[in-house]
Amino acid sequence: MKKIVTVLGARPQFVKASLLSRAMQEMGGIAEAIVHTGQHYDREMSDVFFEQLGIPSPKHVLGIAGGTHGDMTGRMLCALEPVVMSEAPDCLLVYGDTNSTLAGALVASKLNIPIAHVEAGLRSYNRQMPEEVNRLVTDHLSTLLFCPTVASVENLRAEGILAGVHQVGDIMYDAALHYSRVAAESPVSAEVCRWPEKGYVLATVHRQENTDDPLKLRRIIDALAALSADVPVVLPLHPRTRARLEALQPSVGASLAKLHLLPPVGYLEMLLLERRAGLVMTDSGGVQKEAYFFKVPCVTLRDQTEWVELVEMGWNILVDVLVDDIADKARKAMGARGTDQVSPYGDGNAVRRIASLLSESI
């Protein structure tokens with residue numbers, strides 16, 4: 001039997017891994033050991049979270065969080081190396097673009113262990129984003145590159161990466177389809193259905209480029225407040241965003257008072273909020289896509305995106321938060337629909353393709 005070590009560090013990665021881990025178990029022939037770096041502390045990542053989503057408990061929990069990007073990545077390298085050496089896997093599997101992704105790829109590369117990268121080939125072409133550097137390095141170290149879209153395959157081709165590249169579809173689409181059905185049947189439904197369906201705006205703000213720039217953050221919050229005169233605006237607050245807003249008080253107090261502020265919500269609750277919204281405003285790459293999966297127009301609070309196809313299809317509008325009238329762009333996006341061409345993210349069977357390729361290749 002072949003062995004895979006999967007390195008995870010953030011809640012979205014666990015959600016995606018839950019489906020692929022299940023597919024590998026059903027297929028047989030692969031033993032998986034999950035390592036949780038601890039990169040993102042999340043109150044929702046409790047035993048209930050793992051049980052609710054059917055996620056296998058991590059075999060190793062490293063408890064590494066906080067600090068600068070370099071400090072965190074360095075501590076992960078030191079903690080991961082002996083774990084990976086003791087497990088001696090045939091392949092190390094990573095997802096996405098977090099510091100945990102990069103640390104896993106670097107450790108495996110130093111130990112000459114093949115690397116499989118789920119969500120390979122994504123590019124924003126903004127190297128000031130730590131995630132962009134993580135993606136670039138991980139892709140150039142990987143043996144198997146599982147790409148969600150045609151564009152991601154072409155990004156790799158442009159960088160000379162041709163071997164081991166597979167367009168499999170988007171595992172996030174698989175997860176949204178599966179867990180939105182779970183969410184609709186779960187007790188959380190009533191908690192997030194306080195606002196009329198298609199009658200509110202859902203906003204999320206968490207990226208460092210927005211939260212750590214006081215001018216950008218103030219403009220975003222003021223724009224959401226202006227929009228709230230027309231429609232309720234629901235804003236689940238990321239812990240970092242809450243801390244930055246507290247530092248801006250009292251200047252943003254009047255604007256915040258006009259918004260429906262929520263504590264961080266669980267994954268199932270977030271899917272319901274996205275599906276029921278009339279508009280999504282976000283700086284999250286994942287939320288951009290989930291909005292499209294539910295055919296909800298999206299305004300992205302960044303001047304570039306990894307998901308260029310959504311802009312081209314008309315489902316996503318980019319905003320330069322320092323230049324554009326954010327509220328005006330949001331009003332124009334409300335009720336708009338993009339094209340209904342075949343989804344660029346596949347047919348919801350990415351996990352089965354990835355599991356089969358792993359079984360055949362390692």
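Details of the structure are given in the entry above.
Small disclaimer: the values here were computed from a predicted structure and weren't measured. (Residues numbered from 1 in each chain as written. Predicted model: local features only at pLDDT ≥ 70, side-chain atom pairs only at ≥ 80, totals over all residues. Heavy atoms only, no water.)

1. A look at the pairing of strand β5 (residues 115-118)
Filter applied, for reference: Exposure classes here rest on a 1.4 Å probe applied to the protein chains alone. A residue is buried below 20% of its type maximum, exposed above 50%, and partly exposed in between. Runs of E in the DSSP output that reach at least two residues are strands. Runs of H or I that reach at least four are helices, and both are numbered from the N terminus. Seen with its strands pointing away from the viewer, a crossover is right-handed when the path leading from the first strand over the helix to the second is clockwise. A pair of strands is considered paired only if DSSP assigns at least 2 bridges between the two.
Side chains Ile115 and His117 project from β5 onto one buried face, and the interleaved Ala116 and Val118 project onto a second face that is buried too. In terms of handedness, the path from strand β4 (residues 91-95) via helix α4 (residues 99-110) over to β5 forms a crossover that is right-handed. Inspection of the sheet shows β5 paired to strand β6 (residues 144-147) by three bridges, in the parallel sense. Pairing of Val118 across the sheet is with Phe146, part of β6. Read from β5 through helix α5 (residues 130-141) to β6, the crossover connection turns out right-handed.

2. As for the packing of helix α1 (residues 11-27) against helix α7 (residues 171-184)
To be explicit about the condition: The axes used here are C-alpha line fits, helices contributing only the stretch in contact, and every angle between their N-to-C directions lies in the interval 0 to 180 degrees. Under this scheme an angle from 65 to 115 degrees is roughly perpendicular, one under 35 degrees roughly parallel, and one over 145 degrees roughly antiparallel; angles in between are oblique. The contact criterion used throughout is that any non-hydrogen atoms of two residues lie within 4.5 Å.
Running from N to C, α1 and α7 point in directions that differ by 90°, and their axes come no closer than 9 Å. Here α1 is positioned roughly perpendicular relative to α7, judged by the angle of their axes. Each of Val15, Lys16, Ser18, Leu19, Leu20 and Arg22 in α1 lies in contact with α7, whose residues at this interface are Ile171, Met172, Asp174, Ala175, His178 and Tyr179.

3. Let's talk about the environment of Leu310
By the secondary structure assignment, Leu310 is in helix α14 (residues 308-313). Classification of Leu310 by relative accessible area gives buried; the value is 1%. Separated by 139 residues in sequence, Leu310 and Ile171 place their C-alpha atoms 17 Å apart. Apart from residues lying up to four places away in sequence, Leu310 is in contact with Gln288, Lys289, Tyr292, Trp315, Asn316 and Tyr345.

4. A closer look at the packing of helix α9 (residues 214-227) against helix α10 (residues 239-248)
Keep this limit in mind: Any residue outside Ala, Val, Leu, Ile, Met, Phe, Trp, Tyr, Cys, Pro, Asp, Glu, Lys and Arg is labelled polar, Gly included; the first ten of those are nonpolar and the last four are charged.
One can describe the packing of α9 onto α10 by two numbers: an axis separation of 11 Å at closest approach and a directional angle of 95°. The orientation of α9 with respect to α10, classified from their angle, is roughly perpendicular. On the side of α9, the interface is formed by Pro214, Leu217, Arg218 and Ile221, while α10 contributes Thr241, Arg244, Leu245 and Leu248. In terms of residue class, the contact of α9 with α10 is built from five nonpolar, one polar and two charged.

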